[in-house]
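Each chain is listed here by its residues.
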Amino acid sequence: MIAKVVVDVPASAIDRLFDYIIPEEFAGMVEKGMRVSVPFGPRKIQGFVVGIEEEGTSEHQLKSINDVSDVEPVLTEELLKVGFWMAEQTTCFTISALQAMLPAALKAAYQKELRISSKGAKKLPNEMAALFSDEKPVIWETLSIEHPELLTQIQREIRSGSVEVIHHVRDRISKKTERVVQPNVENRVLMKECDSLSNRAAKQKQILSFFIEHPEPVAIKDLTDSLSITRSTVKTLIHKGLLLEEQREVYRDPYAGRDYEKTEPLLLTEEQQAAMGPILRAIENDIHETTVLHGVTGSGKTEIYLQAIESVLQRGEEAIVLVPEISLTPQMVSRFKGRFGSSVAVLHSGLSRGEKYDEWRKIQRNEVSVVVGARSAVFAPFTNIGIIIIDEEHESSYKQEEQPRYHARDVAIYRGSLHNCPVVLGSATPSLESYARAEKGVYRLASLQERINRKAMPGVEIIDMREELRNENRSMFSSALYDKLQDRLVKGEQSVLFLNRRGYSTFMMCRDCGYVTECPHCDISLTYHKKGNALKCHYCGYQQALPKMCPSCESPHIRFFGTGTQKVEEELGKVLPEARVIRMDVDTTSRKGMHEKHLKRFADQKADILLGTQMIAKGLDFPSVTLVGVLAADSTLHLPDFRAAERTFQLLTQVSGRAGRHELPGEVIVQSYTPEHYSIELASHHDFETFYNREMRERRTHGYPPYYFLALVTISDPDLTKAAGIAEKITNFLNQQLSRQAIILGPVSAAIPRVKDRYRYQCMVKYKREPSLHDSFAKIVEHYGKAGKHKDLQISVDLNPQMLM
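What counts and what doesn't
Residues numbered from 1 in each chain as written. Predicted model: local features only at pLDDT ≥ 70, side-chain atom pairs only at ≥ 80, totals over all residues. Heavy atoms only, no water. Helix = DSSP H or I, 4+ residues; strand = E, 2+ residues; numbered from the N terminus. Rg over C-alpha atoms; globule rule 2.2 N^0.38 Å. Contact = heavy atoms within 4.5 Å. Pairing = 2+ DSSP bridges. Buried < 20%, exposed > 50% of the residue type's maximum accessible area, 1.4 Å probe, protein only. Patch = residues over 30% accessible without salt bridge, like charges linked within 9 Å, V, L, I, M, F, W, Y side chains within 5 Å. Areas by Shrake-Rupley, 256 points an atom, 1.4 Å probe, with all protein chains shown as cover. Salt bridge = Lys/Arg side-chain N within 4 Å of Asp/Glu carboxyl O. Lys, Arg positive; Asp, Glu negative; His and termini not counted. Charge placed at Lys NZ, Arg CZ, Asp CG, Glu CD. Expected span 1.5 Å × (residues − 1). Polar contact = N/O pair within 3.5 Å; in protein donor to acceptor, adjacent residues only side chain to side chain. Core = buried A, V, L, I, M, F, W, Y, C linked by side-chain atoms within 4.5 Å. Phe/Tyr/Trp six-rings, centres within 6.5 Å; stacked < 30°, edge-to-face > 60°. Axes fitted to C-alpha atoms, helices over the stretch in contact; angles between N-to-C directions. Parallel < 35°, antiparallel > 145°, perpendicular 65-115°, else oblique. Nonpolar A, V, L, I, M, F, W, Y, C, P; charged D, E, K, R; others polar.

S.K.: Explain the overall build of the protein to me, and be specific about the residues and the numbers.
M.R.: Regarding its fold elements, the protein presents 24 helices and 33 strands. Taken against the 2.2 N^0.38 rule, which gives 28 Å for 805 residues, the C-alpha radius of gyration of the protein at 30 Å falls within 12% of a compact globule. Considering only C-alpha atoms, the protein reaches an extent of 95 × 75 × 65 Å along its principal axes. Across the protein, the fraction of contacts at a sequence separation of at least 24, relative to all contacts at a separation of at least 6, is 75%.

Structure, rendered in structure tokens:
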């Protein structure tokens, strides 16, 4: 038998299938989706088996597979199909697409141990039982060398559940275990021993009585704690042969020890029922359709998700829920854990590598039926998906910015088509592309126009900061915002302050010569961070000490300009010294658990003001928050990106939705230097429809999505001339290959011309239908990817880019 293998070499010339003979010792056990070790030139590398045939297509003498890394496939047949589709759609290497679907722990070599499971102890054939006779685990790698004749039989026992596999990932991960104890004899022997013990052995009697009633294994620590006994008493019974002690693998559960209050489905409003109806019909009839659930903030979208998932679980199917990384708050997790308990796995970047791996294995082993996670959770290895939900579907974080440059929404819709299940895209501010498709009937549109219990949307007041300056208010807080913050402190209510810039100030400039301190590796100004008294680059991580004088003219008049979250926190300490402030940005939440710790403090009302960047704009629901202040509403408005107005509208609408979600009414203060801009004005009225129509006119006039598709080619090289020259050649090639309907712009220097000492040029393609587009990009990548020809050159192709910077 021949295995078709995708090898772990991300290079154009290698991006194809290689044939390897399946040796006799692995016959019948190699399956599609498994990883194998294969000889490739002088070395051994890992690869994925994507097909098995009786005859190979190679004319050369074939090599054999060295080893099988998995005893069961890590990728299902459906995920392999998704991988090939993704490689074609994003013009990435097939190996990159397949690797993207696995947790980081599985990307390393790992050791596998085999143990007899509790149900297999008495069933194993003699020759296999002998392997496990000393009760120590058997190392898979040792077994494949010393007893290759038993491999197929072992695999059969693994499938039947008699033997279990425990994975050890070398260097990156170690298995978490605990010592457990269980009866080593039958119940009647325990009872007899218990009766024969004298009253002086009361503790031993207590333990035996416990196991007579609870014969299943229990952790020694739990046993000693619950019965108030010492380990020595347990050891005595082990030495007598009455109890058996062993190490047991346990999952690293980031949510262990937390009691999530069980919640019941709520009574849906008429609006919610109308939105829910078509989704339930699609679930019941196995229909693949995409629904845009457009609901204002606080309108009960999450309850619709929960009840739709409930109906999926009742059918014995599984559900994937994607939320943006910054919305994966403890509140969001508790909503799903509270409704579905231990059936939920959670995947996000705040987990350790081991925790992610264990959560992934729960999914793979069918121990859970709901996964809630950020972008990569769309690849959850479920085999019977009944619904895929993407919350805050407009979020740009659903698009991966490095290879493979997939968009989770596209993958979700493709997986939905393979499983014949509905996909729900929920948002208070849907992306223009999704909403336009819903209007055209490509997607279904469901609307929720009112908040639950008909709560009023918060009133929004726009403050013109130019007027504040004219009135000689040079503070970063307008008079109105300052008064309302004071008022909330008096009333004991909470406020949220939003600023989309971290750090102390945006840049440093010399007031005499105008010199701005820039990163030596990127064409971008450095941001001042007061902690550490340093200037930092937010692109490459470079940092330097704060200069005492201008490096250009040696003037001492070098000053901070712009405002970051650190500076706002300091200013709040001056103007409202009695206010307890929590600052949340990348700098204060980088340590594990800090995000949750800060939010819990705020929820417990141990702070009056929550100050933060984008991470506080979504997914938060605090009853006492009655005021939201947006400090620089136009910080995202003047970026060189056609989505700038859309992003500003979305951000303002989302952050405004944090106020007045419960009994107390909410107010929002929006501070801006361009208050007349339509995105700010319409966000203040929560008017998505008018914004959508206005922005669509702009997009049509300038030829941007959803009227055109976009593709962005970025060429980067340490040599400026080489980057510019190759960008010119690529643009000329595309002009020859594509139809006259395609609009090809460039090449031009990127908005940030240099990052990490690499010069960047871009060319953009606007198109409607271009059958040869993918083929043209593949030719470009292959031509410039040939080994040794262009050593330092990097070319990236981004279809439907979310960031043009």
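S.K.: Can you lay out the sheet that holds strand S9 (residues 177-183) for me, pointing to particular residues and giving the numbers?
M.R.: Judged by pairing direction, the sheet is antiparallel, and its 3 strands sit side by side in the order S10-S9-S11 without closing on themselves. Unpaired on one side and paired on the other, strand S10 (218-219) and strand S11 (243-249) mark the two borders of the sheet. Strand direction decides the pairing type here: S9 and S10, joined by 2 bridges, are antiparallel. Opposite Val180, over in S10, you have Ala219 as the bridge partner.

S.K.: How would you explain the pairing of strand S13 (residues 318-322) if you had to name every residue and give the values?
M.R.: Judged by how many residues are buried, S13 sits mostly within the fold: 5 of 5 residues are covered. Both faces of S13 are covered, namely the face carrying Glu318, Ile320 and Leu322 and the face carrying Ala319 and Val321. Where S13 meets strand S16 (residues 385-391), 5 bridges bridge the pair, whose relative direction is parallel. Directly across from Ile320, in S16, lies its bridge partner Ile388. Relative to strand S15 (residues 370-373), S13 runs parallel, the two being bridged by 4 bridges. Bridge pairing in S15 places Ile320 opposite Val371.

S.K.: So what's going on with a positive patch on the surface? Residues and values would help.
M.R.: On the surface, Lys531, Arg591, Lys597, Arg601 and Lys606 cluster together to form a positively charged patch. The residue Arg601 is located in helix H19 (residues 594-603) in this model.

S.K.: Quick rundown of helix H24 (residues 773-784)? Include the residues and the values.
M.R.: When the terminal C-alpha atoms of H24 are compared, their 17 Å separation across 12 residues agrees well with the 16 Å that a helix rising 1.5 Å per residue should span. Buried residues along H24 sit against strand S30 (709-717), helix H23 (720-737), strand S32 (758-767) and strand S33 (794-799).

S.K.: Could you give me a rundown of the pattern of salt bridges, with the residues and numbers involved?
M.R.: Opposite charge on two side chains permits them to pair, given that their charged atoms come into close proximity. Applying the stated criterion to the full structure yields 42 salt bridges. For the salt bridge of Glu303 with Arg339, the shortest nitrogen-to-oxygen distance reads 2.9 Å. Of this pair, Glu303 sits in helix H11 (residues 301-314) while Arg339 is found in helix H12 (residues 330-340), placing the two residues 36 residues apart along the sequence. In terms of burial, Glu303 and Arg339 fall into one category: buried. Here Asp775 makes a salt bridge to Lys779, at a shortest N to O gap of 3.6 Å. Taken together, the positions of Asp775 and Lys779, both in helix H24 and 4 residues apart, correspond to about one turn of that helix. Because the salt bridges share partners, they merge into one network encompassing Lys484, Asp487, Arg488, Lys491, Glu493 and Glu667.

S.K.: Report on the pairing of strand S21 (residues 507-510), specifying residues and quantitative values.
M.R.: Burial along S21 is one-sided: Met508 and Cys510 are buried, while Phe507 and Met509, pointing the other way, are not. Across 4 bridges, S21 lies against strand S25 (residues 558-561) in antiparallel orientation. The residue of S25 that forms the bridge with Phe507 is Phe561.

S.K.: So what's going on with the side chain of Lys362? Which residues, and what values?
M.R.: Position of Lys362 among the secondary structure elements: in helix H13 (residues 353-364). Overall, the relative accessible area of 9% leaves Lys362 in the buried class. Side chain to side chain, Lys362 and Glu359 meet in a polar contact 2.8 Å long. Other than its neighbours up to four places away in sequence, Lys362 contacts Tyr251, Asp253, Glu367 and Val368.

S.K.: Can you explain the nonpolar core? Please cite residues and give values.
M.R.: Membership of the largest hydrophobic core comes to 50 residues, with the highest contact counts inside it found for Leu75 and Met86. Examining the composition of this core, we find that 6 residues originate from one element, helix H1 (residues 77-90), more than from any other. In this view, Leu75 contacts Lys32, Gly33, Phe48, Leu80, Leu98, Met101 and Leu102; residues no more than four positions away in its chain are not counted. In terms of nonpolar packing, the next biggest core, distinct from the first, is built from 37 residues, Val630, Leu651, Phe691 and Met696 among them.

S.K.: Would you mind going over the packing of aromatic side chains in detail, with residue names and values included?
M.R.: Using the criterion set out here, one finds 13 aromatic pairs in the structure. On the basis of an interplanar angle of 90° and a centroid distance of 5.2 Å, the ring pair of Phe18 and Phe40 is categorised as edge-to-face. A residue pair is termed long-range when its members are at least 10 positions apart, and Phe18 in strand S2 (residues 18-21) and Phe40 in strand S3 (residues 35-40) qualify at 22 residues. For the pair Phe18 and Phe40, a shared accessibility class is recorded, and that class is buried. Aromatic pair Trp85 and Tyr414: ring centres 4.3 Å apart, planes at 5°, arrangement stacked. Placement of Trp85 in helix H1 and of Tyr414 in helix H14 (residues 408-419) is noted, with a sequence separation of 329 residues between them. For Trp85, a relative accessible area of 18% gives the class buried. For Tyr414, a relative accessible area of 18% puts it in the buried group. Aromatic rings pair up to connect Tyr435, Phe649, Tyr678, Phe688, Phe691 and Tyr692 into one cluster.

S.K.: Help me get a handle on the sheet that holds strand S24 (residues 543-545), residues and values and all.
M.R.: Across the sheet, 3 strands lie side by side as S22-S23-S24; this open sheet has antiparallel pairing. The open sheet has two free edges, formed respectively by strand S22 (527-529) and S24, since each of these has just one partner strand. Taking each pair of neighbouring strands and ignoring which way they run, the sheet shows an average axis angle of 30°. Relative to strand S23 (residues 534-536), S22 is paired through 3 bridges, and the arrangement is antiparallel. Along S23, the bridge assignment pairs Tyr528 with Leu535.

S.K.: Give me H23: which residues, what numbers.
M.R.: For H23, spanning 18 residues, the distance from its first C-alpha to its last is 26 Å, which sits close to the expected 26 Å at 1.5 Å a residue. The secondary structure elements touched by the buried residues of H23 are S30, strand S31 (743-755), S32, H24 and S33. Two to three positions downstream of the cap, the backbone nitrogen of Thr721 sits 2.9 Å from a side-chain oxygen, assigning the N-cap of H23 to Asp719.

S.K.: Give a description of the packing of helix H20 (residues 644-656) against helix H22 (residues 688-702) that names residues and reports values.
M.R.: Look at H20 against H22: their axes get within 11 Å of each other, and the N-to-C directions meet at 170°. It follows from the interaxial angle that H20 and H22 lie roughly antiparallel. Where H20 abuts H22, its residues Ala645, Glu646 and Phe649 lie against Phe688, Phe691, Glu695 and Arg699. The class makeup of the residues in the contact of H20 with H22 is 4 nonpolar, no polar and 3 charged.

S.K.: Which residues make up unusual backbone geometry, and what values do they have?
M.R.: Each neighbour pair has its own omega, and for Gln403 with Pro404 the value is -5°, a cis peptide bond. Tracing the backbone shows Pro404 in the loop between S16 and H14. Going from Pro705 to Pro706, the amide bond is cis rather than trans, its omega being 10°. Tracing the sequence through the fold places Pro706 in the loop between H22 and S30. Residues other than glycine seldom take positive phi values, yet Gln605 does so here, at roughly 60°. Among the structural elements, Gln605 can be located in the loop between H19 and strand S27 (609-612). Classification of Gln605 as partly exposed rests on a relative accessible area of 36%.

Distances and angles like these do not, on their own, reveal function.
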